[in-house]
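# Notes for the structure review
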Amino acid sequence: MKGYLYLQTHPEHPGLVRFLIAERSPDLDRADAGAAIRYIARFNDIDAARMHVQNALHRRLIDLDARMYRTGLAEAIAVVEADNLSHERIWIDPELDAQTLQRVEQLTAQGRARIRRWDRAWQTVGYFFLAFLALRALGLI
């Protein structure tokens, strides 16, 4: 199911970010009382996106029901941006300073590199076992 994942911060909860989902693009002017939407991305599979975020930030979870995590905004955006799931950035808060945007780019690049390393490692394991099975089928092992 397609949907939108968006990040919300609240001035009364510094250092916490909420990851919310919706079927339609959220209205920027209608965030929860006092909260501000800071980032919106559209995913082809919103349920998988939610699971990927939970997997990436499970150690920082504060409140599962509220989908609230103890993380910085740049780190939260980078988790979404680095994900391999098909998605598109819809909106990012234009009030974010250049330093935060640069941090998002840096963390996104690091996250993508980490994912590529994991993919290569598992691919190597797969090739090893294919070779093992081939040798076993030939009776060489």
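Whatever comes next refers back to the structure up there.
Residues numbered from 1 in each chain as written. Predicted model: local features only at pLDDT ≥ 70, side-chain atom pairs only at ≥ 80, totals over all residues. Heavy atoms only, no water.

A few words now on the overall build of the protein. A count of helices and strands for the protein gives 3 helices and 6 strands. Along the protein, helices (α) and strands (β) appear in the sequence β-β-β-α-β-β-α-β-α when read from the amino end. The C-alpha radius of gyration computed for the protein amounts to 19 Å, which surpasses the reference 14 Å derived for 141 residues by more than 25%, pointing to a less compact arrangement than a globule. Projecting the C-alpha coordinates of the protein onto the three principal axes gives extents of approximately 70 × 35 × 25 Å. (Helix = DSSP H or I, 4+ residues; strand = E, 2+ residues; numbered from the N terminus. Rg over C-alpha atoms; globule rule 2.2 N^0.38 Å.)

Here we come to helix α2 (residues 73-82). Where burial is concerned, most of α2 is hidden: 8 out of the 10 residues are buried. If you follow the buried residues of α2, they end up packed against β1 (3-9), β2 (16-22), β3 (36-43), α1 (46-57), β6 (87-92) and α3 (98-137). (Buried < 20%, exposed > 50% of the residue type's maximum accessible area, 1.4 Å probe, protein only. Contact = heavy atoms within 4.5 Å.)

Another aspect to go through is a nonpolar patch on the surface. A cluster of nonpolar side chains, namely W118, W122, V125, F128 and F129, defines an oily patch on the protein surface of about 610 Å² accessible area. Look at V125 and you get partly exposed, because its relative accessible area is 36%. (Patch = residues over 30% accessible without salt bridge, like charges linked within 9 Å, V, L, I, M, F, W, Y side chains within 5 Å. Areas by Shrake-Rupley, 256 points an atom, 1.4 Å probe, with all protein chains shown as cover. Salt bridge = Lys/Arg side-chain N within 4 Å of Asp/Glu carboxyl O.)

Another aspect to go through is the environment of I62. On the secondary structure map, I62 appears in strand β4 (residues 61-63). In this structure, the C-alpha to C-alpha distance between I62 and W122, residues 60 residues apart in sequence, is 31 Å. Apart from residues no more than four positions distant in its own chain, I62 is found in contact with L16, M68, Y69 and R70.

Structurally, L61 is set in strand β4. Relative accessible area serves as the criterion here: at 27%, L61 is assigned to the partly exposed category. With near-sequence residues (within four places) excluded, L61 lies in contact with Q54, M68 and Y69.

Over its 40 residues, α3 runs 58 Å from end to end, which matches the ideal 58 Å to within 8%, given 1.5 Å per residue. The complete set of buried residues in α3 reads V104, L107, T108, G111 and A113. Where α3 is buried, its residues meet α2. G139 sits one or two residues past α3 and shows a positive phi near 80 degrees. (Expected span 1.5 Å × (residues − 1).)

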